[in-house]
Amino acid sequence: MIRIVAMLALGALSAGEGWSAEQQLEPDERGITAQARTTYSLDAQPRINRLDFEFRPSEATAWMNAGGDFHVHGWVQHRSLLCATYRMGMRFGIGAPGCLNVEWISDPIFVTSQYQCNGARVEHDGGDATPEMGEQIAKITCAERVIRCSGSCK
């Protein structure tokens, strides 16, 4: 009986805030992480207004604000003559520190879709709003730009 009570208590503690996200990417996905750079308000009580992310210089950037709006911009290289569809998205996590030991609190949210052929390098640009991520802005330390490919992917 004591074991059952202890296991229920442990389960309740580990449930936390209820965020559930896959920790591993799917086989047709690849990702790059970037540590959050914070921008604070100039109010009497400073708070985080925005997080900025840079994924490899000149490849992709993203931001998220306290309202949960986010935007990602970057380039995707297709490495085949045959065509494929590439989708770019983001997921957010909490690491200690930055992007080490990350616990992902969202699944990838895809905001672009481009059909690419003949070794093309194509610009992807899109965004979305996730108010539940905006509520967590003070805890988020890391983001991952995720590319999903379907078709002739290499």
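Residues numbered from 1 in each chain as written. Predicted model: local features only at pLDDT ≥ 70, side-chain atom pairs only at ≥ 80, totals over all residues. Heavy atoms only, no water.

**Considerations on the pairing of strand E5 (residues 69-77)**
Burial along E5 is one-sided: Phe70, Val72, Gly74 and Val76 are buried, while Asp69, His71, His73, Trp75 and Gln77, pointing the other way, are not. Pairing analysis gives five bridges linking strand E4 (residues 60-65) to E5, with the strands arranged antiparallel. The residue of E5 that forms the bridge with Ala60 is Gly74. Between E4 and E5, which pair antiparallel and follow one another directly, the connecting turn spans three residues, one of which, Gly68, has a positive phi of 95 degrees. As judged from the nine bridges shared by E5 and strand E9 (residues 121-129), these two strands associate in the antiparallel manner. Bridge pairing in E9 places Val72 opposite Gly126. (Buried < 20%, exposed > 50% of the residue type's maximum accessible area, 1.4 Å probe, protein only. Helix = DSSP H or I, 4+ residues; strand = E, 2+ residues; numbered from the N terminus. Pairing = 2+ DSSP bridges.)

**Structural notes on the sheet that holds E9**
With antiparallel pairing, five strands are arranged side by side in an open sheet as E2-E3-E4-E5-E9. Each end of this open sheet is capped by a strand with a single partner; those strands are strand E2 (37-40) and E9. Neighbour to neighbour, the strand axes of the sheet diverge by 15 degrees on average, direction disregarded. (Axes fitted to C-alpha atoms, helices over the stretch in contact; angles between N-to-C directions.)

**A short note on the pattern of salt bridges**
Scanning all chains against the criterion turns up six salt bridges. The partner of Arg37 in a salt bridge is Glu54, with the nearest N and O atoms 3.8 Å apart. Pair noted here: Arg37 is in strand E2 and Glu54 is in strand E3 (residues 48-55), with a separation of 17 residues, a long-range link. (Salt bridge = Lys/Arg side-chain N within 4 Å of Asp/Glu carboxyl O.)

**Here's the deal with the confidence of the model for the chain**
On average, residues of the chain carry a pLDDT of 86, and 86% of them reach 70 or more. This stretch, residues 1-19, has a pLDDT under 50; its non-local contacts, to residues over four places away or in other chains, come to six contacts. (pLDDT = per-residue confidence, 0-100. Contact = heavy atoms within 4.5 Å.)

**Regarding a negative patch on the surface**
Judged by side-chain charge, Glu22, Glu26, Asp28 and Asp107 come together as a negatively charged surface patch. Take Glu26: it is sitting in the loop between helix H1 (2-15) and strand E1 (29-35). Residue Glu26 is classed as partly exposed on the basis of its relative accessible area, which comes to 41%. (Patch = residues over 30% accessible without salt bridge, like charges linked within 9 Å, V, L, I, M, F, W, Y side chains within 5 Å. Areas by Shrake-Rupley, 256 points an atom, 1.4 Å probe, with all protein chains shown as cover. Lys, Arg positive; Asp, Glu negative; His and termini not counted. Charge placed at Lys NZ, Arg CZ, Asp CG, Glu CD.)

**A few points about the state of the cysteines**
Every disulfide links exactly two cysteines, by a covalent bond between their sulfur atoms. By the definition in use, this model includes three disulfides. Covalent S-S linkage joins Cys99 and Cys142, the inter-sulfur distance amounting to 2.1 Å. Torsion about the S-S bond of the Cys99 and Cys142 cystine: about 105 degrees, corresponding to right-handed handedness. With Cys99 in the loop between strand E6 (84-94) and strand E7 (103-104) and Cys142 in strand E10 (residues 142-151), this residue pair connects regions lying 43 residues apart in the sequence. Assessed through its relative accessible area of 0%, Cys142 is described here as buried. Take the cysteines of the chain that form disulfides and number them in order along the sequence; they join up as 1-3, 2-4, 5-6. (Disulfide = S-S within 2.5 Å.)

**A short note on the layout of surface pockets**
In this structure, the largest pocket spans a volume of roughly 220 Å³. Every residue lining the largest pocket is counted, 13 residues in all, and those nearest its centre are Arg30, Arg56, Glu59, Gln77 and Arg79. Of all the elements in the fold, those that place two or more residues in the lining of the largest pocket are E1, E5 and E10. (1 Å grid on protein atoms, 1.4 Å probe; cavity = no way out; pocket = protein on both sides within 12 Å on 5 of 7 lines; lining within 4 Å. Points joined across faces, edges and corners; volume = space filled by probe spheres on them.)

**A look at unusual backbone geometry**
The residue after Ala96, namely Pro97, is reached through a cis peptide bond having omega -15 degrees. Looking at where Pro97 falls in the secondary structure, it is placed in the loop between E6 and E7. The residue Asn101 is not glycine, and still its phi comes out positive at about 55 degrees. Phi at Asn118 is positive, roughly 55 degrees, even though this residue is not glycine.

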